[in-house]
Every structure is written in structure tokens, then in C-alpha cells.
Amino acid sequence: MAVLVAVALPLVLAGCQLPTFYGFRGSDRQGHDEFLLYFGTFVAALVVGGITGGLILWSVVRYRRRSHDAPMPRQFQYHIPLEVAYTVIPVVIVLVLFAFTVLVENQVDAVPSDPNLTVDVYAFQWGWQFNYPDGVVVRAETTTDPDPVGPAGLGGPACSPVVWCLGPGLILPAGKTTQIDLRSRDVVHGFFVPEFNFSRYAQPGVLNKFDFTVSKPGVYRAQCTQYCGLYHSLMFFHVVAMPPSKFHAWLSSETKTTTVDAATTASASRQ
Amino acid sequence: MTVLAQRPVAVEHPEHHEGPTGILKWLTSTDHKVIGMNYIVTSLVMFFFAGIMALIMRAQLTSPSGAVVSLQQYNELFTMHGSLMLYLFAGPFAFGGLANYIVPLQVGAPDMAFPRLNALSYWLFLSGSITMMLSFMVAGGAAAFGWVAYAPLSEATFSPGSGPDLWILALVLTGFSAIFTGVNLITTIFYLRAPGMTMFRMPLFTWNMLVTAMLILIAFPVLTAAMVLLWCDRHFGTHIYTVQGGGVPVLYQNLFWFFGHPEVYILALPYFGIVTDVIPVMSRKPLFGYKGMVFATMAIAALSTGVWAHHMFTTGVVLLPFFSLLSLLIAVPTGIKFFNWIGTMWRGSITLNTPMLFCIGFLLAFLMGGLTGVMLASPPIDFVTHDTYFVVAHFHQVLMGTAVFAGFAGFYFWYPKFFGRMLSDRLGKLHFWFLFIGFWVTFMPQYKLGLMGMPRRVATYQAGLGWQNLNIASTVGAFIIGFSFVFFLVNLWVSWRKPVPAGDNPWDAHALEWFATSPPVHHNFTRLPPIRSERPVWDFHHPDALTIAHGENGHGKLAGTAVPAGQD
Amino acid sequence: MRREAQLLIGVAAFFGLTDITYWLWGNAQGGATNLDTGFGGVVMLVGTILLGVVPGSYYFWWSRRMKPRPEDRMDATIEDGSGTIASFPDSSVWPFVLGMGLFLTVLSLVFGLWLMWPGLSLVVSAAVGATVESRRGGRV
């Protein structure tokens, strides 16, 4: 417990100066919370793993049988206080971890009552469709081509390297809260933006709601993570966070289209 | 013909057994030892098939565009790799093979309780294995929906053809095989123990197999039911897992993981049992915290049945805190096991031979896999890593730690009992070290790949993301693992050509199987030692080195004196 | 017998508690155990409770009515349990025949229903064969 408190305190205070342990710091608010939890758990795991692994290696090296006529070791079997100790201490560690988990989980899963923008996201075999208010639709089949909209052309952030922005672009205003309503048109897909530290299944028959508040403008690569059939490997998309003014300029300049019927286009695309 | 098994008194009267020989013996035997060996050989063959599939996949991933196999072939490969490893190797090797062979010996029984049912289990398992391999030969190829076969992807609309059908039928066949084996093991352990072998004197391997057998009875009927329902959806026009007819796709995930998570422990507990049997023998000490170990096993099994939806954290429709809490709590009994293993080695006299090295490999591998498992049990961290290579690395470390490291520890440990001859320790150690190094080289880069966002089950990835070098490292490790098994095969060859006699008890071991001859005679025992603790054979050979009860300082009590009366 | 009964009753008790907790907690948290989400789990846990309670109560009933068997007693000697343990079938071809019959029957669902005829005949002959074998063995 002391370990976790010791970890958690500077964690809250120092924020971004922490080592990442190969993870992403999280480019939105919730993602950053998840990073902090990951960081704390990682440190706790290092401590626990170091102690346990050290004990294993120590006892193997220290107590190995050095000669064939080594004396018979003492045949002890139980040490109740010790056994109680290593039952109770893990319970405490686990409960602390669970408490932090619930705190972060409730933050991450909370859906705002008044988001600045709501986007309907549809996953299908194999591609993504993003429906904006006022009938603006961004949609792309499995493709390795960079986004036809091209954030760079709109004065947005540059798309470099090009592999960072494959598939359709989910264009969002930076600094604003965007709610995503996630659905699937056919099988189970996975909506995953690594730098947001977040993934959620897109499932038939289930409407999943969550929100992002991307802190700074940028391009974030993303990909379907739940195996969904033949072209799963190529089911890319990316998130483009633009300054709000540019975002609204883009939204109003887009031609309004009626929502495409995904079932027919999906089957057409397969031919 | 029915024969009556006599409980041996302490006199030698080897039972003369005249039975069929050769192929007829293999087809008609109801001897648990023959059936167990059939299981071991069949599941090892499946293990090698699945291993070769893994190497092909790793070769594919050395370059981003992956030119070795096509997308469809890759999807079939990872599906069959997972299915073979989980359904046809890791489980059957332990509870079909080792348990079948060892449990009746450890409890002092002449055979399994239902020998003919036992034989039927094996034939169903073999049929299921052949059915699954047949799916590579039908038009449309093998199943390509992952070993979990999530609906609706596994529905006829998205996965047409007879490959998926064969996959489903294979699971039904092997599922019944597992259920029969589970019933058989429980009955054997409840009814055929030797006098004095109370429940709390059974070796931990037997305890683990008992608990595993109960998990099998909890989990496998659900899998079989899920598969039958899936079959109805595919062929009889029902809509159980499809939205179109008012079905609930997420029901499939609930059913599958209600099987799938206990299944993970069905694959792990027998191997814990192996390690818990080997470490005390090689440390020349009794198992530290025997009763704690038994309760930890039960706790792991009980909790593991209440955590199925931690595979579904990102579905958005499960009760996150409930499943997260129970998943995290599994760390507690697992921790108890770890510290009991350490306590057993502590101040022991550890012989670092091949079985023990494999056990240490297991401890380190499972420690790493277990710690990342605790991380994954926290939903927010699972949101970060779900379906990425982080998870791939995690469950490979867990499952290779158990099924491969501990599994081969058991194989090297009991091989002298199976065949009455030793395996070469030198070749065994070479096998271990190559496996151990290859293991870490393969899976540590995958953790980093996962944190960088590489999803699992992709056949290609984009150049320029910094993923290629890590993937190449992982592939090199995988081929080192593959190479290590050359030493294993050479070892078997050498022991077959130039046998080194093992004797009945080459390791100075504890449990009853080491009192039988190597290999044991038909109906196992011609004599039995008095059973006064959980290591009767040790007590028999070392009457001066009995277990010291807690609080005592001196030597233990002599066997046969002051035995507590009554039930355990 | 007592330990065995306790083990099985323990299974039922644990999953009873788990099931109730799961159901109530799920209801409290916005219906995570409703029919279209996690209710399947509630039902499967009931199955698990039955798995423990049905054999468990049988064992418990017996454990109070019979003397401890030699394998239940700490102080039993090997001689206490000597004599006939049970009858065991000798080598038998019928498990193989039954297994192959079921194999063919299952394959018939994929490769053509005609395979069901040889499959089912093998199953029937194995059932008859195994039964006759047991009776002929005598002294069961």
C-alpha cells in the first residue's frame, strides 16, 4: 500500500514528467488518466516482480545442491504467520489497485450530458463511416491511401509520415468534447486510437457511447483491433484534431450527403 | 472379460497379464497407462503442427508487407494455431495424458474408475483432432475466425463453407472427450484411493487434477452448448447470435468466455500441479504450506469461474467492477502459490537437473505473465492494450510458462516412470536453455509492440511505424524456440537407441507412483508402503527425515508411531 | 466421504454467493445483467450451483450414514483395504468401435448424411457389444 501511495502522490503532482514505460501519455484527458493508472500499476508490478523474481533466483542459487553428499535439509513444512502475511499483503495491494481502477474507470466511462459535438461512427467489413451533424458523411472502404480529405490541405496539421493517416479521417475540434456513438453494421470490430489509450468494440446490436477531449491539434493513427475477417489487417482510420475554427470551416464547406446505406455499399465494394 | 483387481498387501505377487499385443493392444486397451500415453503422443503431434504454424506466421511478420502467405492463409493459420494449441495440445496433454497416467498411480489405484469410458474419451479426442485437421483439406479452407469464433463473424454469412463446420464439430467431439475424462478423474479420486490416502494426503498434482476436473464439468458443457447453438444458426436458420432475427451477438461472447476463462485455468492448474510435485522432490524437502496450496488451488478455480467477462471489458456491456475485482483477486492465491514454491526451495538442497530447470523457467515465465495479467485485469489498462500484441505476449507467457515449461518439466520428470529409462540430462539442459532464451526474445518485444498499438491477428502492418525491428527480433526468438525442440527429439532418439535404466525411483521422489515399477505393471501395484503423510514413498525410504510439524524444532515423528486417528 | 461432500457443497455455496452478488450488482449498475447483456452468466452460474449441490448433497447424505472408508481414515493400514477393490473390464474393442461410430456420425453432418448409416450401426453394435461383454464377464 505504501508503494502505491508513494507512487500515486508524485504522480498526481508531477504529471507529464514521468517516464512512459513504452506507453502513450494519452492525447486526451481520459487517455492521460489511463496513462497514470498504467504508470502506477507498472511501478507496483516492477516492485512485486522484482521482489518475487529476486527471491526465486536467490533461493535457486543460494540453496543449490553443491555436492552429492550434501546434508539433508530440515524438513519443515508450515509457518502460519508467514503464510498469513503473504495472503493479507497481496489482498491489500489488490484492493488499492482496485480502488484506483474504479476511480479511473468511472472517469473514462462517464459520458458528458452536453457534448460540443456528436459523431456517429459505423464500422463495417471493411472500413469506417463517420456521420456528422447536418448530414456530412466521411466514409472509406479498406484502403491504404491517405485520407482523400487531407488535413494538410485544410491548413490542419501535417500528415507525416503518410502511414499515420490511412483510411478515413475522423475530424474533431481540438479542446472540445466530442461524443462518439459507435455501432457496427455487421460483425464485431474494435475502435482503437493508441495515442488516446482507448479502445471499444463496435458490435451489432449494441450502441456504445464515449467521449474524447483531444488536448492539442494533431493527427493520430488508429486501426480496427478486433479481428473481423479477411481484410482486418487493413482496416485503418485516423483522428484529426483541428483548431475549432478550422473544424467548423471544414464542416460547413463539406457537401451534405444523405447517409449511405452501408449494407448495399459494403456488398458492392466486395464485388 | 472382466477382471477383479486385488488390493495388494505388502507381499510380492506380480499379476500375470495376458492381453493382446501390437496394434490390437493399442486399439483395445483400457489400461490408463496405455491411454495416457496415447493422449501424450497425440497431443505432442498437435503441438508440433501448431508450432510450425506459429513459425510460418512469425516469418510472415518479418516484413511489413508479409509475402510468405496470403491474408486468408494467415487468418486460417492463427485460427488453427490457437485451436490446436488450446483444444488439442495444452488441455489434453495435461488432463488426458499426464493425469490419466499419473493420477491413478498417485492415489494407489489399479486403474481409472471407468476404463472403457476412458478409452472412449481418447477415441473421441483423436476423432476431434482428425476432424479439425481435415478442415485444411476441404474447399474454402480451414476456419478463419480466430480460436474464439466470435459470432456473428462465425455465422454462415461471414464464414461459409465446411471448414468452420468441421471446426465446430471438432470442438463438440473433444468437448465430450474432456467431460468424460473429468467425470472419470473425479470418480477415481473419490473412490479408488488407497487406505490412509485421505484427501489431505493426496499429492498436489492429484489435487490440481481434481479441481481441474471440476472446472471441466463447469466449463465444457457450456462450450458444447454454444457450439450447438452456433450450428443451429449456421444450418437451421435460427438467429440466436444475429441481430437480424432478434438474437443477441454478445450472448455468444458470454457463453464462450464462461467456458473460455475456466478453460485458461483448466490449462494452467494441472501444470501448477506438476511444478508443485517436482520442486519439493528436487529440493529434498516437503512442500511448504501444503494446505495453503490446496486452498489456493481451489480459490483460483472458484474465482476463475467468475471472471469470464474480463475478456469483454471493451464491449461496453459488462459489469466492469465485478469482473475487475474478481480478476484482480486471482492474483492473491497465485501469489500464495509463488511464495509456497519459494518456501519449498528455501533452505533446501536443490538439484538443478532438467525437470527442475524447466520448473524455474516456468516460475519466471509465469511471474511475468501473471504480473501483466494483473495489469490487464484493470479495465482502464485493458482499454489501452486490448487486442494488441501486449495481450498476445501476456497469454503466450502464461500459456508457454505452463503448458510448455511446466509441461515438459513433467515430461522429463515422469519419463523414467513411463519407460523405465532415463533421458539425457545434458540434452535436456540444452533444450531448456534454447527454449528459455528463445522465449524471452520472442515475447518481450511483443509487449512493446502492443503498447505501440500493433493489433493482434494482423497479417501485414505499415512500414515506417518502427514495428519491423521488434517483429524481426520476435521472429528470431520464435525460431530459437523451434530449434530447441530438436534437442528434445534427439533426446528421445538417444534414449530409445541407448537406454539408460532408470530404476523405480530415480529422483528419490515422494508420491506413490515412484513405488510402482518403471513402467508400472498391469493394475499398477504389487505392494504399497504405509501412507502416513502426503509423501509416503519418501517416508518409506527416509524414516529418519520425516516432516517437522509447525512449532517443532527437532526431528519428525517416526512413521507408524502416534498416527492421528479418525478422519483427516 | 466427508471431505468430498464438503468440497462439492463448497462449490455450490461459493457460486451461490457469486451469482447473487453478480445479479444484484448488475441490476444496481444500469442493468449489466439484463436479458440482452449479461443475463446468460446468471443462468450459467445457477447451473454451476447445481453441479455442486446435486452430487454434494448425495455425498453428504451418505457421509453421515456410513463408516469412514479406509481411504478416509488417517490411521488405516494397507491391510485394512485389502481384497477386491472393484471389477475392471479387461481390454475391450467396444470403446474404439463406439468412438469411430460417433466420429462417422458427426462427419456425416459435413460430408453427407449417408455416412450416418455406418456410423449409427457402429454406435448400436458398440452399445450392445459393451453390455454383453459386461454380463459375460460375470462376478461384477
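Treat the numbers as computed from the prediction; the structure is a model and nothing was measured.

Enquirer: Could you clarify how one ought to interpret the overall build of chain C in this entry?
Expert: If you tally the helices and strands in chain C, you get 4 helices and 1 strand. In terms of C-alpha radius of gyration, chain C reaches 23 Å, well past the compact-globule figure of 14 Å for 140 residues. For chain C, the C-alpha atoms occupy an extent of roughly 60 × 60 × 20 Å along the three principal directions. Looking at the 140 residues of chain C, the share that counts as buried comes to 40%. Within chain C, counting contacts between residues at least 6 apart in sequence, those at least 24 apart form 53% of the total. Roughly 7,400 Å² of accessible area belongs to chain C as shown, and the carbon and sulfur atoms make up 69% of that amount.

Enquirer: Would you take a moment to explain the environment of Ser 484 of chain B for this structure?
Expert: All names here are of chain B. Mapped onto the secondary structure, Ser 484 falls in helix H15 (residues 468-497). For Ser 484 and Ser 154, which are 330 residues apart along the polypeptide, the C-alpha to C-alpha distance reads 36 Å. Excluding its chain neighbours within four sequence positions, the residues that come into contact with Ser 484 are His 431, Phe 434 and Leu 435.

Enquirer: Explanation requested: the arrangement of the chains in the structure shown.
Expert: Of all 2 pairs of chains in contact, the one with the most contacts involves chains A and B. Across the gap from chain A to chain C, with no contact made, the nearest C-alpha atoms are 9 Å apart.

Enquirer: What exactly am I supposed to notice about the domain arrangement of chain C here?
Expert: By a frequent convention, interface size equals the accessible area lost on bringing the separate parts together. Looking at the assigned domains, one finds that chain C contains domain 1 (2-81) and domain 2 (94-136). Relative placement of domain 1 of chain C and domain 2 of chain C: their C-alpha centres are 35 Å apart.

Enquirer: Would you explain the interface of chain B and chain A in this entry?
Expert: On the side of chain A, 85 residues touch chain B, which itself brings 95 residues to the contact. In total, about 7,700 Å² of surface goes out of reach between chain B and chain A, with carbon and sulfur atoms giving 69% of it. When residues of chain B are sorted by the area they lose upon contact with chain A, Phe 288, Phe 383 and Leu 451 of chain B head the list and together hold 8% of the total. Summed over the shared surface of chain B and chain A, the result is 0 salt bridges. Inspection of the chain B/chain A interface yields 20 residue pairs in polar contact (both at pLDDT 80 or more). Tallying contributions element by element places helix H10 (residues 331-345) of chain B first for the side of chain B that touches chain A, with 9 residues. Here the residues of the side of chain B that touches chain A are counted per class, giving 56 nonpolar, 28 polar and 11 charged.

Enquirer: Just to check I follow, could you spell out the pattern of salt bridges for this structure?
Expert: Pairing of side chains with opposite charge becomes possible as their charged atoms draw close. Residue and element names in this part refer to chain C. Applying the stated criterion across every chain, the model contains 15 salt bridges over all chains. Close ionic contact of Glu 4 with Arg 69 constitutes a salt bridge, the shortest N to O distance being 3.1 Å. Of this pair, Glu 4 sits in helix H1 (residues 2-28) while Arg 69 is found in the loop between helix H2 (39-63) and strand S1 (83-89), placing the two residues 65 residues apart along the sequence. Grouping residues by exposure puts Glu 4 and Arg 69 together as buried. In this structure, the salt-bridge partner of Arg 73 is Asp 80, at a minimum N-O distance of 3.0 Å.

Enquirer: Just checking my understanding: could you explain the interface of chain B and chain C for this structure?
Expert: The interface of chain B with chain C comprises 85 residues on the first partner and 69 residues on the second. Taken together, the connections running from chain B to chain C amount to 3 salt bridges. Seen at the junction of chain B and chain C, the total is 14 residue pairs in polar contact (both at pLDDT 80 or more). Counting only elements with at least two residues in the side of chain B that touches chain C, the list comes to strand S1 (2-7), helix H1 (22-28), helix H4 (115-134), helix H5 (162-191), helix H6 (204-235), helix H7 (249-283), helix H8 (290-304) and helix H9 (320-329) of chain B. Examining the composition of the side of chain B that touches chain C, we find that 10 residues originate from one element, H4 of chain B, more than from any other. In terms of residue class, the side of chain B that touches chain C is built from 60 nonpolar, 17 polar and 8 charged.

Enquirer: Just checking my understanding: could you explain the nonpolar core for this structure?
Expert: A general trend in soluble globular proteins is that nonpolar side chains are found buried together. Residues Tyr 132 and Phe 191 of chain A together with Tyr 87, Trp 167, Trp 207 and Phe 408 of chain B are the most contacted members of the largest nonpolar core, which totals 289 residues. Element by element, the count of residues in this core is highest for helix H3 (residues 71-107) of chain B, at 22 residues. Ignoring any residue separated from it by four or fewer positions in sequence, one finds Tyr 87 of chain B in contact with Gly 82, Pro 92, Phe 125, Met 132, Trp 147, Trp 167, Leu 171, Leu 223, Phe 256 and Phe 259 of chain B. By size, the runner-up hydrophobic cluster in this structure holds 8 residues, among which are Val 94 and Leu 97 of chain A together with Leu 328 and Val 374 of chain B.

Enquirer: Explain H9 of chain B to me, please; I cannot follow it from the model alone.
Expert: For an α-helix, the turn length of 3.6 residues means that residues three or four places apart are oriented alike. Burial analysis of H9 of chain B places 9 of its 10 residues in the buried class, the great majority of the element. For H9 of chain B, the full list of buried residues reads Leu 320, Pro 321, Phe 322, Phe 323, Ser 324, Leu 325, Leu 326, Ser 327 and Leu 328 of chain B. Among the structural elements, helix H3 (80-109) of chain A, H8, H10, helix H11 (354-376) and helix H12 (379-385) of chain B together with H1 of chain C are those in contact with the buried residues of H9 of chain B.

Enquirer: Help me understand the domain arrangement of chain A in this model?
Expert: All names here are of chain A. Looking at the assigned domains, one finds that chain A contains domain 1 (2-63 + 77-109) and domain 2 (117-270). Each side of the interface is counted separately: domain 1 has 12 residues, and domain 2 has 12 residues. Both sides of the domain 1 and domain 2 interface together cover about 990 Å² of buried area, and 39% of this is carbon and sulfur. Together, Phe 24, Ser 27 and Asp 28 form the three largest contributors to the area buried by domain 1 at its contact with domain 2, with a combined 56%. Along the contact surface separating domain 1 from domain 2 lie 1 salt bridge. The closest approach of N and O atoms between Arg 200 and Asp 109, which form a salt bridge, is 3.0 Å. Viewed at the interface, domain 2 and domain 1 are joined by 7 residue pairs in polar contact (both at pLDDT 80 or more). Every element with two or more residues in the side of domain 1 that touches domain 2 is listed here: helix H2 (29-62) and H3.

Enquirer: What am I meant to see in the sheet that holds strand S1 (residues 117-124) of chain A here?
Expert: Backbone-to-backbone hydrogen bonds join strands into a sheet, with any given pair of strands oriented parallel or antiparallel. All names here are of chain A. Across the sheet, which stays open at both edges, the 5 strands sit in the order S3-S2-S1-S5-S8 with mixed pairing between neighbours. Taken across any chain shown, the strands that pair with only one partner, and hence form the sheet edges, are strand S3 (137-141) and strand S8 (208-213). Each strand of the sheet is rotated relative to its neighbour by a mean of 20°, with strand direction disregarded.

Enquirer: Looking at this model, I keep getting lost on the confidence of the model for chain C. Mind explaining?
Expert: In low-pLDDT segments, the atomic positions of the prediction should not be examined closely. Across chain C, the average pLDDT comes to 87, with 96% of residues at or above 70. Overall fold confidence (pTM) sits at 0.91, and the ipTM for the predicted complex is 0.93.

Enquirer: Help me out: how do you make sense of the pairing of strand S5 (residues 177-184) of chain A in this one?
Expert: Residues and elements named next belong to chain A. In terms of burial, S5 is largely enclosed, as 7 of its 8 residues are buried. For S1 and S5, the ladder comprises 7 bridges, and the chain directions are parallel. For Val 121, the partnering residue across the bridge sits in S5 and is Leu 182.

Enquirer: Before we go on, may I ask you to explain the sheet that holds strand S7 (residues 198-202) of chain A in this structure?
Expert: All names here are of chain A. Across the sheet, which stays open at both edges, the 5 strands sit in the order S4-S10-S9-S6-S7 with mixed pairing between neighbours. What marks the edges here is a single partner per strand, and that holds for strand S4 (169-173) and S7. Averaged over neighbouring strand pairs, the angle between their axes works out to 20° when direction is ignored. By the bridge criterion, 5 bridges tie strand S6 (residues 189-193) to S7 in an arrangement that is antiparallel. Of the residues in S7, the one forming a bridge with Gly 190 is Tyr 201.

Enquirer: Just to check I follow, could you spell out the packing of H6 of chain B against H8 of chain B for this structure?
Expert: Between two packed helices, both the angle of their axes relative to each other and the distance between the axes serve to describe the pair. Residue and element names in this part refer to chain B. Running from N to C, H6 and H8 cross one another at 15°; their axes reach a closest spacing of 10 Å. The orientation of H6 relative to H8 falls into the category roughly parallel. Relative to H8, the crossing made by H6 is right-handed. On the side of H6, the interface is formed by Leu 204, Trp 207, Asn 208, Val 211 and Leu 215, while H8 contributes Tyr 290, Met 293, Val 294, Thr 297, Met 298, Ala 301 and Ser 304. Residue composition of the contact of H6 with H8, by class: 9 nonpolar, 3 polar and no charged.

Rules used in this analysis
Residues numbered from 1 in each chain as written. Chains lettered and ligands numbered in written order. Predicted model: local features only at pLDDT ≥ 70, side-chain atom pairs only at ≥ 80, totals over all residues. Heavy atoms only, no water. Helix = DSSP H or I, 4+ residues; strand = E, 2+ residues; numbered from the N terminus. Rg over C-alpha atoms; globule rule 2.2 N^0.38 Å. Buried < 20%, exposed > 50% of the residue type's maximum accessible area, 1.4 Å probe, protein only. Contact = heavy atoms within 4.5 Å. Areas by Shrake-Rupley, 256 points an atom, 1.4 Å probe, with all protein chains shown as cover. Domains from an automatic or database assignment. Buried area = accessible area lost by both parts, 1.4 Å probe. Salt bridge = Lys/Arg side-chain N within 4 Å of Asp/Glu carboxyl O. Polar contact = N/O pair within 3.5 Å; in protein donor to acceptor, adjacent residues only side chain to side chain. Nonpolar A, V, L, I, M, F, W, Y, C, P; charged D, E, K, R; others polar. Core = buried A, V, L, I, M, F, W, Y, C linked by side-chain atoms within 4.5 Å. Pairing = 2+ DSSP bridges. Axes fitted to C-alpha atoms, helices over the stretch in contact; angles between N-to-C directions. pLDDT = per-residue confidence, 0-100. Parallel < 35°, antiparallel > 145°, perpendicular 65-115°, else oblique. Left-handed = near helix turned anticlockwise from the far one by under 90°.

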